[in-house]
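What the coordinates show
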Amino acid sequence: MASQGLNYDGCNFFRQRLVLSTLSGKRVKITNIRSKDDNPGLRDFEASFIRLLDKVTNGTRIEINQTGTVLFYQPGLLIGGEVEHDCNTQRSVGFYLEALLMLAPFMKMPLKAVLRGVTNDPTDPSVDQLKYSAVPLMRKFGIDGLELKIVKRGMAPGGGGEVLFTCPVRKTLVSVNLTDPGKIKRIRGIAYSVRVSPQMANRLVDSARGILNKFIPDIYIYTDHMKGDKSGKSPGFGLTLVAETLNGTFLSAEQVSTPQGQGEPVLPEDMGRNCAKHLLEEIYRGGSIDSANQSLALLYMTLRQQDVCKALLGPLSPYTYVYFCLVGPGSKVLSTSRKLEWLRSNK
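The shown structure was predicted, so the numbers you read here are calculated from the model rather than taken from an experiment.

What counts as what
- Residues numbered from 1 in each chain as written.
- Predicted model: local features only at pLDDT ≥ 70, side-chain atom pairs only at ≥ 80, totals over all residues.
- Heavy atoms only, no water.
- Salt bridge = Lys/Arg side-chain N within 4 Å of Asp/Glu carboxyl O.
- Buried < 20%, exposed > 50% of the residue type's maximum accessible area, 1.4 Å probe, protein only.
- Helix = DSSP H or I, 4+ residues; strand = E, 2+ residues; numbered from the N terminus.
- Expected span 1.5 Å × (residues − 1).
- Bend = angle between axes of the 7 residues up to and from the residue.
- UniProt positions renumbered as here; feature names shortened; annotations may be inferred.
- pLDDT = per-residue confidence, 0-100.
- Contact = heavy atoms within 4.5 Å.
- Domains from an automatic or database assignment.
- Core = buried A, V, L, I, M, F, W, Y, C linked by side-chain atoms within 4.5 Å.
- Pairing = 2+ DSSP bridges.
- Axes fitted to C-alpha atoms, helices over the stretch in contact; angles between N-to-C directions.
- Phe/Tyr/Trp six-rings, centres within 6.5 Å; stacked < 30°, edge-to-face > 60°.

**Some remarks on the pattern of salt bridges**
One pass over the full model with this rule turns up 15 salt bridges. Among the salt bridges present, the one from Glu63 reaches Arg61, with a minimum N-O distance of 2.6 Å. Owing to a relative accessible area of 41%, Arg61 belongs among the partly exposed residues under this scheme. Across the salt bridge formed by Arg91 and Asp124, the nearest N and O atoms sit 2.6 Å from each other.

Spelled out as structure tokens, the structure:
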């Protein structure tokens, strides 16, 4: 473990800092966490994220002051194994799962994680989107044997969902050359609904196909309506679309209904059309990696030490820019020269 620690100020990029700290072995001290806020300190979902990192590591040292405005995090060994975690319902399971996707291949033992909470919400990438776009991307880096399964679906704000994620250990990653995305050959998707009429999913499918059928005939959107104890605690519906190219690139887009009791209700027809337009926009942006998984792919490329990896990206998403330009210099995971090299190529 490195002898020197890193000091940060404020709560911005909290998850990124802890993930990169765990991978690099550098201890981190974060001060002034919402110190001027009416409700200072860590939020419940951030404390839940820290507990998840503690479960997948061994020997991690965590210190938080009484007000929650100062955090000291000294990472331990990524141990893996079987883990069960109840995610805070303020954020979806995707918030926690994104971090596990970055850490899981480098653990000592294969990871088998059961995460409970909100599987779909408008804020974070849903489990469906990660399943149909992030998992195929991980396989390109030689991480086979992955499984991401929704056992129970839970919508915001009540949650009640359950997700099973298994990932093997990989000592080294495969070099990739993702410079030719290829042409779109088919579009797949899933329209889901819980604790509402099953017709909601059908209305999503019809409205999305009304736009996508003008561009390509090979479209199939599945419907998923879970009942009983598998339907979570709150009503809702949503749509996830994935476009696959001839060269195996997956570009995704999704739309989720407004949580019960929050904001204006959304019609399924409007949501289906908006999701189809977002997918077309993602295709227009170009690149071999969609916006939701740029940071994951570039992190894997950085951790690949021997051969050179290449990837063609569209415009960088704000999340990717933050991950590698603001957090990177402090974490020392990505050198300044390499950041500048591919920032120039992505202007």
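**Quick word on helix α4 (residues 127-140)**
Across its 14 residues, α4 extends 19 Å between first and last C-alpha, which sits within 8% of the 20 Å expected from 1.5 Å per residue. Along α4, the largest kink reaches about 30° and is centred on Ala134; proline Pro136 follows within four residues of it. Within α4, 10 of the 14 residues are buried, leaving the element largely enclosed by the surrounding structure. Turning to α4, its buried residues are Val127, Asp128, Gln129, Leu130, Ser133, Ala134, Val135, Pro136, Leu137 and Met138. Gly142 sits one or two residues past α4 and shows a positive phi near 85°.

**Re the UniProt feature "domain: RNA 3'-terminal phosphate cyclase" (unreviewed entry) in the protein chain**
If you check UniProt for "domain: RNA 3'-terminal phosphate cyclase" (unreviewed entry), the listed places come out as residues 8-320 in our numbering. In this annotation, residues 8-320 is assigned 30% helix and 27% strand; the end-to-end C-alpha distance for the span is 19 Å.

**Some words on the confidence of the model for the protein chain**
Low-pLDDT stretches of the model should not have their predicted coordinates read in fine detail. When pLDDT is averaged along the protein chain, the result is 90, and 92% of the positions lie at 70 or above. Here residues 326-347 is modelled with pLDDT under 50, and outside its nearest four sequence neighbours on either side it reaches 45 contacts, counting other chains as well.

**Observations concerning the domain arrangement of the protein chain**
Per the domain assignment, the segments making up the protein chain are domain 1 (1-78) and domain 2 (178-285). The C-alpha centroid of domain 2 is placed 35 Å from the C-alpha centroid of domain 1.

**Concerning the nonpolar core**
Grouped together as the largest cluster of nonpolar side chains are 66 residues, with contacts concentrated most on Phe49, Leu100, Leu111 and Phe165. The greatest single-element share of this core, amounting to 9 residues, is contributed by helix α3 (residues 93-103). Both domain 1 (1-78) and domain 2 (178-285) contribute no fewer than three residues apiece to this core. Residue contacts for Leu100: discarding those within four places in its chain leaves Leu52, Val56, Leu111, Ala113, Leu115 and Phe165. Grouped together as the second largest cluster of nonpolar side chains are 20 residues, Ile187, Ala208, Ile216 and Leu241 included.

**Some remarks on the sheet that holds strand β5 (residues 71-74)**
Spatially, the 4 strands line up as an open sheet ordered β1-β2-β5-β4, and their pairing is mixed. The sheet terminates laterally at β1 (6-9) and β4 (61-64), the two strands that pair on one side only. Recorded for the sheet is a direction-independent mean angle of 10° between the axes of neighbouring strands. In the sheet, β4 pairs with β5 via 4 bridges, with the strands oriented antiparallel. Looking at the pairing, Glu63 lines up with Phe72 of β5. Relative to β5, helix α1 (residues 14-24) is tilted by about 30°, and along the sheet it contacts β1, β2 (28-31) and β5.

**Thoughts on the packing of aromatic side chains**
Evaluated as defined, the whole model comprises 7 aromatic pairs. Pairing Phe49 with Tyr96 gives two aromatic rings, centres 6.4 Å apart and planes at 40°, and the pair type is tilted. Here Phe49 is found in helix α2 (residues 44-56), whereas its partner Tyr96 is found in helix α3, with 47 residues between them in sequence. The pair Phe49 / Tyr96 is uniform in exposure class, with both members buried. Arranged with centres 5.3 Å apart and planes meeting at 65°, the rings of Phe141 and Tyr300 form a pair that is edge-to-face.

**Let's talk about the pairing of strand β14 (residues 236-245)**
It is a general feature of regular strands that their side chains alternate between the two faces of the sheet. Counted residue by residue, β14 has 10 buried out of 10 residues, so it is predominantly covered. Burial along β14 is two-sided: the face carrying Gly236, Gly238, Thr240, Val242 and Glu244 and the face carrying Phe237, Leu239, Leu241, Ala243 and Thr245 are both buried. For strand β12 (residues 184-194) and β14, the ladder comprises 10 bridges, and the chain directions are antiparallel. Within the sheet, the bridge partner assigned to Ile190 lies in β14 and is Thr240.

**Some thoughts on the environment of Leu18**
Tracing the chain through its elements places Leu18 in helix α1. Once the C-alpha coordinates of Leu18 and Phe72 are considered, the two residues, 54 residues apart in sequence, prove to be 10 Å apart. When neighbours within four sequence positions are excluded, Leu18 is seen to be in contact with Phe49, Ile50, Leu53, Leu71 and Tyr73.

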